[in-house]
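As a plain string of letters, each chain reads:
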Amino acid sequence: MTGLARYSEPPAPAFLFDLDGTLIDSVYQHVIAWRAALSRLDIDLSVWRIHRRIGMSGGLFVSALLRETGRTLSEADIALLQRAHQQEYLAQADSVRPLPGAAELLAALTERKVAWAIATSHQALAMLGLPDDAPMVTRDMVAHAKPDPDLFLAAAAMLEVEPRHAFVVGDSVWDLLAARRAGALGIGVLSGGYGREELERVGAYRVYADPADLLARADEVGVRGLGLPG
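So, here is what we can say about the structure in this document. (Residues numbered from 1 in each chain as written. Predicted model: local features only at pLDDT ≥ 70, side-chain atom pairs only at ≥ 80, totals over all residues. Heavy atoms only, no water.)

Thoughts on the overall build of the protein chain
Across its full length, the protein chain carries nine helices and eight strands. The C-alpha radius of gyration of the protein chain comes to 19 Å, within 12% of the 17 Å expected for a compact globule of 230 residues. Taking the principal axes of the C-alpha coordinates as reference, the protein chain spans close to 75 × 30 × 30 Å. Scored against the burial criterion, the 230 residues of the protein chain give a buried share of 47%. Considering only residue pairs separated by 6 or more positions, the protein chain has 59% of its internal contacts joining residues 24 or more positions apart. For the protein chain, the exposed surface amounts to about 11600 Å²; the carbon and sulfur share of it is 51%. Side chains of the protein chain carry 22 positive and 29 negative charges; the gap between the two charge centres is 5 Å. (Helix = DSSP H or I, 4+ residues; strand = E, 2+ residues; numbered from the N terminus. Rg over C-alpha atoms; globule rule 2.2 N^0.38 Å. Buried < 20%, exposed > 50% of the residue type's maximum accessible area, 1.4 Å probe, protein only. Contact = heavy atoms within 4.5 Å. Areas by Shrake-Rupley, 256 points an atom, 1.4 Å probe, with all protein chains shown as cover. Lys, Arg positive; Asp, Glu negative; His and termini not counted. Charge placed at Lys NZ, Arg CZ, Asp CG, Glu CD.)

Pasting the structure below:
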């Protein structure tokens, strides 16, 4: 046999990004915001317990924490708690920064015409240097948040790609569980505070320190020349 074999080439992979802890350095602001919000209802919970739940939807987050404390709250109290978290987080918004390499990674993907979208419960487009019409799926656009796969399934649909041809990039076990349920390959980053073993155990194909590390080693996930000048 001579020459190349005949076969259907797979499409170029798409990237579906989580935001908090993946592209922006905001996880610990969320932790402190939740602790302050909980204290308004006289619920004292260690910050490490709160951190373990960051990345879940707000509703599931509250349910999980209440289960750990044995408390029961009315619907009005739960609504107050979620509003308080939002207020406390916004009070710290000035301290949130892009993670190293985040803006550069998105710019390099765009330059190389590699499709990407952000699937998140929050928005921080300006600090990443992104236009208002950047591809983004938010919590209010889907029925369920993580660890359900809805956000990533909707992001893949927005890009008109099949989830099996996409990488989900996230910092938490909840991101990677959602990736598995969506049928996408998961890429973990350590910038949200979860350990390498935890991310690999839940399905991370590769684990990088942060977006800059992923950009420098993108050839490992089949995107050649991403870190090189266009």
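Focus on helix H4 (residues 75-91)
Taking 1.5 Å per residue, 17 residues should reach 24 Å; H4 reaches 24 Å between its end C-alpha atoms and fits that length. Buried residues of H4: Leu81, Ala84, His85 and Tyr89, and no others. On an axial view of H4, the arc spanned by its buried residues comes to 130 degrees, and they lie on one face. In this structure, H4 carries Glu75, Ala76, Leu90 and Ala91 as exposed residues pointing more than 90 degrees from its buried face. (Expected span 1.5 Å × (residues − 1). Arc of directions from axis to C-beta.)

Quick notes on the side chain of Thr22
Note that Thr22 resides in the loop between strand S1 (14-17) and strand S2 (24-25). A polar contact is formed between the side chain of Thr22 and the side chain of Asp171, at a distance of 3.1 Å. Leave out the neighbours within four places in its chain, and Thr22 touches Phe17, Leu99, Val169, Gly170, Asp171, Asp175, Val189, Ser191 and Pro211. (Polar contact = N/O pair within 3.5 Å; in protein donor to acceptor, adjacent residues only side chain to side chain.)

Observations concerning the packing of helix H3 (residues 58-69) against H4
Where H3 meets H4, the axes come as close as 11 Å, and the angle between the chain directions of the two elements is 115 degrees. Our classification of the angle between H3 and H4 gives roughly perpendicular. Crossing of H3 over H4 shows right-handed handedness. Counting all contacts with H3, which are made through Gly58, Gly59 and Val62, the residues of H4 involved are Ile78, Leu81 and Gln82. Considered class by class, the residues forming the contact of H3 with H4 number three nonpolar, three polar and no charged. (Axes fitted to C-alpha atoms, helices over the stretch in contact; angles between N-to-C directions. Parallel < 35°, antiparallel > 145°, perpendicular 65-115°, else oblique. Left-handed = near helix turned anticlockwise from the far one by under 90°. Nonpolar A, V, L, I, M, F, W, Y, C, P; charged D, E, K, R; others polar.)

With respect to the pattern of salt bridges
For the structure on display, the rule yields nine salt bridges. Taking the shortest distance from any N to any O, the salt bridge between Arg181 and Asp148 comes out at 3.4 Å. Separated by 33 residues along the polypeptide, Arg181 in helix H7 (residues 173-182) and Asp148 in the loop between strand S5 (136-138) and helix H6 (150-159) bring together distant segments of the chain. Classification of Arg181 as partly exposed rests on a relative accessible area of 48%. Judged by relative accessible area, Asp148 falls into the partly exposed class, the value being 21%. Notably, a salt bridge pairs Arg217 with Glu220, separated by 3.3 Å at the nearest N-O pair. Classification of Glu220 by relative accessible area gives partly exposed; the value is 30%. (Salt bridge = Lys/Arg side-chain N within 4 Å of Asp/Glu carboxyl O.)

Notes on the nonpolar core
Counting 33 residues, the largest nonpolar core has Phe15, Phe17, Trp116, Ile118 and Leu128 as its most contacted members. Going through the elements one at a time, S1, helix H5 (102-111), strand S4 (116-120), strand S6 (166-170), strand S7 (185-189) and helix H9 (211-216) are the ones with two or more residues in this core. In terms of residue count, H5 provides more of this core than any other element does, five residues in total. Setting aside residues up to four positions removed in sequence, Trp116 forms contacts with Phe15, Phe17, Leu106, Leu109, Thr110, Leu130, Ala134, Pro135 and Leu159. (Core = buried A, V, L, I, M, F, W, Y, C linked by side-chain atoms within 4.5 Å.)

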